Amino acid sequence: MNGAVRVVVAGAAGRMGATSCEAIEAADGLELTGRADPSLGVELADVVADADVVVDFTTPDAAPGNIRICLDAETHVIVGTTGFDHEPLRLAAQQGGGGARVLVVPNFAIGAVLMMRFAAEAARHMPEVEIIELHHDRKLDAPSGTAKRTAELIAGRGGNVHEPIHSVRLPGLVAHQEVILGGPGQTLSIRHDSIDRMSFMPGVLIAVRAVGSLPDRFTVGLEACLDQE
Ligand SMILES: NC(=O)c1ccc[n+]([C@@H]2O[C@H](COP(=O)([O-])OP(=O)(O)OC[C@H]3O[C@@H](n4cnc5c(N)ncnc54)[C@H](O)[C@@H]3O)[C@@H](O)[C@H]2O)c1
């Protein structure tokens, strides 16, 4: 990529999309070249050609189609949308032509990435685990993408995440998660709180800058970008 990285945001009229547009416009070396959203009358297919990177914050129904549009256009895509099975897209990404990368990020908050990493590390020593995730009451999916990803990482380290993952939905919340590990006579709680959507923006910018250099065509987690820094 020469010059500024051209970025199109899908879901640009939504809560996360609008905040991302502001952050991209304010960032050095990035240029916001499109805002796709049905409520703005702009389809992603109409503006994808203006993008080096697409950032998707839409809905579980819309995101898979948007990712396919990006793969067909051979454009990198960062998927912030949660609540859908992204594994079928792994094969599509791996078979897709060109060098387009798909980066799925269940949580862009760096503190949340660290919370997941610390919880997985702790579960090696305290394997009995409960997860409580708390979000605003307009969130469509439950449990959250972050909670599911945390459970995967903990299971990968031999931990036993008790079912169900607990989901709290209330006005006033943004995005919060507590991982509680229990052992004889003790508990360890690891908690992260996003109290403002700005918490996600440094991670969005890191992902936009790093996605084109990822070694694999399909990657899950911001960790891959943080480890490149
Ligand atoms: N990964 C993270 O760190 C993170 C953080 C917060 C929220 N999220 C997720 O991001 C997603 C969006 O959240 P939100 O709170 O901004 O939702 P929102 O409802 O405020 O916004 C979604 C927007 O997508 C638009 N949209 C629908 N179909 C579309 C399409 N085909 N193309 C383009 N735009 C389309 C809608 O019109 C709407 O404006 C959710 O899945 C949420 O769980 C992820």
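Residues numbered from 1 in each chain as written. Predicted model: local features only at pLDDT ≥ 70, side-chain atom pairs only at ≥ 80, totals over all residues. Heavy atoms only, no water.

Moving on: the side chain of T75. By the element assignment, T75 lies in the loop between helix 3 (63–72) and strand 4 (76–79). There is a polar contact of 3.3 Å between the side chain of T75 and the backbone oxygen of A73. Not counting residues within four places of it along the chain, the set of residues in contact with T75 comprises V48, A51, D52, V53, V54, C70, A100 and R101. (Helix = DSSP H or I, 4+ residues; strand = E, 2+ residues; numbered from the N terminus. Polar contact = N/O pair within 3.5 Å; in protein donor to acceptor, adjacent residues only side chain to side chain. Contact = heavy atoms within 4.5 Å.)

Now for the sheet that holds strand 1 (residues 5–10). Each strand in a sheet pairs with another by means of backbone hydrogen bonds, the pair being arranged parallel or else antiparallel. One open sheet accounts for six strands, arranged 2-1-3-4-5-11; its pairing is parallel. Two strands bound the open sheet, and with one partner strand each, they are strand 2 (30–36) and strand 11 (218–220). Ignoring strand direction, the axes of neighbouring strands in this sheet form an average angle of 20°. Examined bridge by bridge, strand 1 and strand 2 share six bridges and lie parallel to one another. (Pairing = 2+ DSSP bridges. Axes fitted to C-alpha atoms, helices over the stretch in contact; angles between N-to-C directions.)

Looking at the element boundaries, G156 is found in helix 6 (residues 145–156). Exposure remark for G156: the relative accessible area of 65% places this residue in the exposed category. With 33 residues separating them along the chain, G156 and A123 place their C-alpha atoms 9.6 Å apart. (Buried < 20%, exposed > 50% of the residue type's maximum accessible area, 1.4 Å probe, protein only.)

A few words on the layout of surface pockets. The space that makes up the largest pocket amounts to roughly 710 Å³. Lining the largest pocket are 34 residues; nearest its centre among them are M16, F57, T82, H136 and K139. Taken together, the residues of the lining of the largest pocket break down into eleven nonpolar, 17 polar and six charged. Roughly 240 Å³ of volume is contained in the second largest pocket. Considering the residues around the second largest pocket, the lining is formed by 16 residues, among which F84, H86, G145, K148 and E152 are closest to the centre. Ranked by the residues each element gives to the lining of the second largest pocket, the list is headed by helix 6, at four residues. The class makeup of the residues in the lining of the second largest pocket is six nonpolar, five polar and five charged. (1 Å grid on protein atoms, 1.4 Å probe; cavity = no way out; pocket = protein on both sides within 12 Å on 5 of 7 lines; lining within 4 Å. Points joined across faces, edges and corners; volume = space filled by probe spheres on them. Nonpolar A, V, L, I, M, F, W, Y, C, P; charged D, E, K, R; others polar.)

Close contact between helix 3 and helix 4 (residues 87–95) brings their axes to 11 Å; oriented N to C, the two are set at 5°. In terms of orientation, helix 3 and helix 4 fall into the roughly parallel class. Residues P64, I67, R68 and L71 of helix 3 pack against P88, L89, A92 and A93 of helix 4. The residue inventory of the contact of helix 3 with helix 4, partitioned by class, reads seven nonpolar, no polar and one charged. (Parallel < 35°, antiparallel > 145°, perpendicular 65-115°, else oblique.)

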